[in-house]
Amino acid sequence: MIDERLKKDLAILPISTIRALTNLSDRQIRYYESQDLLTTKRGKGGQRRFSLNDVERLIEIRTMMESGDSLKDIHDLYETNRVRNRQDEKIDFVRSLENEFLKIGRLEKH
DNA sequence: GTTCTCACA
DNA sequence: TGTGAGAA
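Cut-offs used in this document
- Residues numbered from 1 in each chain as written.
- Chains lettered and ligands numbered in written order.
- Predicted model: local features only at pLDDT ≥ 70, side-chain atom pairs only at ≥ 80, totals over all residues.
- Heavy atoms only, no water.
- Near = heavy atom within 4 Å.
- Polar contact = N/O pair within 3.5 Å; in protein donor to acceptor, adjacent residues only side chain to side chain.
- Helix = DSSP H or I, 4+ residues; strand = E, 2+ residues; numbered from the N terminus.
- Nonpolar A, V, L, I, M, F, W, Y, C, P; charged D, E, K, R; others polar.

The name given to chain A in an unreviewed UniProt entry is MerR family transcriptional regulator, and the organism recorded there is Oenococcus sicerae.

### A closer look at the protein's contact with DNA strand B
Surrounding DNA strand B, one finds Pro14, Ile15, Ser16, Arg19, Arg30, Arg42, Gly46, Gln47 and Arg48. For DNA strand B, the fraction of atoms within 4 Å of the protein that belong to sugar or phosphate moieties is 95%. One of the side-chain N or O atoms of Ser16 is found 2.8 Å from a phosphate oxygen in DNA strand B. With 3 residues, the top contributor of residues to the surface near DNA strand B is helix H2 (residues 15-22). Among the residues making up the surface near DNA strand B, the classes are represented as 2 nonpolar, 3 polar and 4 charged.

### Observations regarding the protein's contact with DNA strand C
The full set of residues close to DNA strand C is Ser25, Arg27, Gln28, Tyr32 and Met65. Near the protein, meaning within 4 Å, the atoms of DNA strand C are sugar or phosphate in a fraction of 50%, with bases accounting for the rest. Between a base oxygen of DNA strand C and a side-chain N or O atom of Arg27, the distance comes to 3.1 Å. With respect to DNA strand C, the side chain of Tyr32 contributes an N or O atom lying 2.8 Å from a phosphate oxygen.

Below is the structure:
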């Protein structure tokens, strides 16, 4: 369903929930956000609202930290992933265009 | 009662 | 990164 992505992106969870789900201190969570590892929104009174995607990302970050990676390593990894994903999307877009052209070509030949 | 920001022995 | 103060 298209709704699934929307639900995961919904930033509605308070930091206390994130703390329980990730076993990280709220101090650490806020620090990681300051290092651009998270995309949070602000609610009433400037309080952070996290999404399920943030939870998943924080768990990954904690795992990487435990295996000795620095915050910079993690940041770089997400950066390269972001670039690679953009390229993949571009490739998919080109492929879909090619398919459309092939369809049109077949139709015109008839 | 919770979360936020800022500062530090 | 932790902790504590003061505000919202």
